[in-house]
Amino acid sequence: MKKLTQWIDITQPLSNSIAEWPGDTPFNYELTFTKEQTGSVNIGQVSMSVHTGTHIDSPFHYDNDGKRVHELDLSLYIGPAMIVDVTGHAEIGRAELEGFDFKDVERLLLKTGGHPDPNTFPEDYPVLKADIGPFLKERGIRLIGVDVPSVDSVDSKTMDAHHSLYDNGVNILENTVLSNVTPGVYELIALPLALEGSDGSPVRAVLRSLER
């Protein structure tokens, strides 16, 4: 029997200093009422884009007819996942991944090293190639996770990687923190919030090793 180890948090902490997508709504937390004001409790409020920090995209994000967050299959975001190290590649697709044995897992996390500081939006980061969708479908992958803000470049209007993944039944998790995680097979939990009608959702993403 495999011994389960402690949970590893791969979530970017949400703070008022976290970098937002250029032009998007910045994250802000503040106290609406203090304990002194209410006589009993502190009450805070949050404003943010649903694509801030570690988050999932729902297909509605890039397709008006796509599923929204509350319509997604939650089993996508819980279960065995494999981390592979693709550090050094500016673009990642079939050629960069076909040498890996995905060990029949349905979730793949790419460790690119392309976003070392969550409080600074990167000028450039690794992206996925348009040929990745068909390749992942061949390998039985239903969820791809990256440690950068998007699977496409910051100035992309065609969203080729998003659509390639969508057309092949692969869902998207972005902005994970994998810098201190060793490649291997893990149990992943990265559940979206129950945001009805939303195009995305922040998640609390955690791993624990499934290897001996």
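Structure's up top.
It should be emphasised that the depicted structure is a prediction, and the values quoted were computed from it without experimental measurement.

With that out of the way, let us pick up the pairing of strand β7 (residues 107-111). Taken across its five residues, β7 has five buried, putting it largely inside the fold. The two faces of β7 match: R107, L109 and K111 on one face and L108 and L110 on the other face are all buried. Where strand β5 (residues 78-85) meets β7, five bridges bridge the pair, whose relative direction is parallel. Bridge pairing in β7 links A81 to R107. Sheet topology note: the β7/strand β9 (residues 143-146) ladder contains four bridges and is parallel. Bridging across to β9, L110 finds its partner in V146.

Among all positions of helix α4 (residues 160-167), only A161, H162, S164 and L165 are buried. Viewed end-on, α4 has its buried residues packed into an arc of 165°, placing them on one side of the element. The inward-facing, buried residues of α4 abut β4 (55-57), β8 (127-128), α3 (132-138), β9 and β10 (171-174). Note on α4: the residue one or two positions beyond its end, G169, has a positive phi of about 70°.

The subject of this paragraph is the nonpolar core. Formed by 29 residues in total, the largest nonpolar core has its most connected members in L97, L108, L110, L128 and L136. By residue number, the principal contributor to this core is α3, which donates three residues. Discounting chain neighbours no more than four positions away, the residues touching L136 are L97, F102, L108, I141, I144, L165 and V170. By size, the runner-up hydrophobic cluster in this structure holds 19 residues, among which are L72, L143, L178 and V203.

So, on to unusual backbone geometry. Backbone geometry places K103, a non-glycine residue, at a positive phi of 55°. Within the secondary structure, K103 sits in the loop between α2 (94-97) and β7. The phi torsion at D104 lies on the positive side, around 65°, for a residue other than glycine. Turning to its location among the elements, D104 is positioned in the loop between α2 and β7.

Turning to the pattern of salt bridges, a few remarks are in order. Close approach of charged atoms allows side chains of opposite charge to pair. Taken as a whole, this structure holds six salt bridges when the rule is applied. Close ionic contact of R204 with D9 constitutes a salt bridge, the shortest N to O distance being 2.8 Å. Highlighted residues: R204 in strand β12 (residues 200-209) and D9 in strand β1 (residues 8-9), separated in sequence by 195 residues. Residue D9 is classed as partly exposed on the basis of its relative accessible area of 38%.

Cut-offs used in this document
Residues numbered from 1 in each chain as written. Predicted model: local features only at pLDDT ≥ 70, side-chain atom pairs only at ≥ 80, totals over all residues. Heavy atoms only, no water. Buried < 20%, exposed > 50% of the residue type's maximum accessible area, 1.4 Å probe, protein only. Helix = DSSP H or I, 4+ residues; strand = E, 2+ residues; numbered from the N terminus. Pairing = 2+ DSSP bridges. Arc of directions from axis to C-beta. Contact = heavy atoms within 4.5 Å. Core = buried A, V, L, I, M, F, W, Y, C linked by side-chain atoms within 4.5 Å. Salt bridge = Lys/Arg side-chain N within 4 Å of Asp/Glu carboxyl O.

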